[in-house]
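What follows is the residue order along each chain.
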Amino acid sequence: WDNADFSRGTGTTFYQEFLTLNSEKPPFIRDVEAKVRRYLRSSYSAAWTLKITWDRAPAYGTRGDSRRTNTFQAVLTTDGFRSYVLLLYQDGGMRWDYSQLPAANVLIGYT
């Protein structure tokens, strides 16, 4: 991850919570469950999910073109026993120009 900088009025962050225990699941939740099942090869039924979206986020400390923004999501989900995080990136990956960032050791994802 790198830091996003919303101080210039570009981009936004928003979230949506899904309580799905004993309710009909929207297509987004069914997709999250399918991804967890596919990646982990085990059964999974979400009881709660939180989708956080960084929309058109500019990079912190960018010295160049501030129009090179990124849209990405973190999806936290649990069945009440196991919890997962999905990191979802816009097609084409991160579009920040890492050569313009204060640090050159950029990593997509987490360690």
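For the structure, see preceding data.
To start, this report covers the structure provided alongside it. (Residues numbered from 1 in each chain as written. Predicted model: local features only at pLDDT ≥ 70, side-chain atom pairs only at ≥ 80, totals over all residues. Heavy atoms only, no water.)

To continue, consider the side chain of Lys 35. As for its placement among the helices and strands, Lys 35 is situated in helix H1 (residues 27-40). Since its relative accessible area comes to 16%, Lys 35 is described here as buried. A polar contact is formed between the side chain of Lys 35 and the side chain of Asp 31, at a distance of 2.8 Å. Lys 35 has contacts with Leu 86 and Leu 88, leaving out every residue within four places of it along the chain. (Helix = DSSP H or I, 4+ residues; strand = E, 2+ residues; numbered from the N terminus. Buried < 20%, exposed > 50% of the residue type's maximum accessible area, 1.4 Å probe, protein only. Polar contact = N/O pair within 3.5 Å; in protein donor to acceptor, adjacent residues only side chain to side chain. Contact = heavy atoms within 4.5 Å.)

A separate point is the environment of Ala 57. Relative to the assigned elements, Ala 57 resides in strand S2 (residues 48-57). Between the alpha carbons of Ala 57 and Thr 13 there is a distance of 8.1 Å; along the sequence they are 44 residues apart.

What follows covers the side chain of Thr 77. Tracing the sequence through the fold places Thr 77 in strand S3 (residues 70-78). Within polar-contact distance, the side chain of Thr 77 engages the backbone oxygen of Trp 48 at 3.4 Å. Residues within four places of Thr 77 in sequence aside, it is in contact with Val 32, Val 36, Tyr 44, Ala 46, Trp 48, Thr 49, Arg 82, Ser 83 and Tyr 84.

On to H1, then. For H1, built from 14 residues, the straight-helix expectation of 20 Å at 1.5 Å per residue is met to within 8% by its first-to-last C-alpha distance of 20 Å. Within H1, burial applies to Phe 28, Ile 29, Val 32, Glu 33, Lys 35 and Val 36. End-on, the buried residues of H1 take up no more than an arc of 160°, which puts them together on one face. Exposed residues on H1 whose side chains face more than 90 degrees from its buried face are Pro 27 and Arg 38. Those residues of H1 that are buried are in contact with strand S1 (12-19), S2, S3 and strand S4 (83-89). Two residues or fewer past H1, Arg 41 is found with a positive phi of approximately 55°. (Expected span 1.5 Å × (residues − 1). Arc of directions from axis to C-beta.)

All right, on to the nonpolar core then. Judged by nonpolar contacts, Phe 18, Phe 28, Ile 29, Val 32, Val 36, Tyr 44, Ala 46, Val 75, Tyr 84 and Leu 86 together constitute the single largest core of ten residues. When residues of this core are assigned to their parent elements, the largest contribution, four residues, is made by H1. Contact partners of Tyr 44, with chain neighbours within four places excluded, come to Glu 33, Val 36, Arg 37, Thr 77, Thr 78, Asp 79, Arg 82 and Tyr 84. With six residues, the next largest nonpolar core counts Leu 50, Ile 52, Trp 54 and Ala 57 among its residues. (Core = buried A, V, L, I, M, F, W, Y, C linked by side-chain atoms within 4.5 Å.)

Moving on: the pairing of S2. Counting buried positions along S2 gives seven out of ten residues, so the element sits mostly inside the fold. The pairing of S1 with S2 spans eight bridges and is antiparallel. Bridging across to S2, Glu 17 finds its partner in Leu 50. Pairing geometry for S2 and S3, over eight bridges, is antiparallel. When the bridges of S3 are listed, Trp 54 appears paired with Phe 72. (Pairing = 2+ DSSP bridges.)

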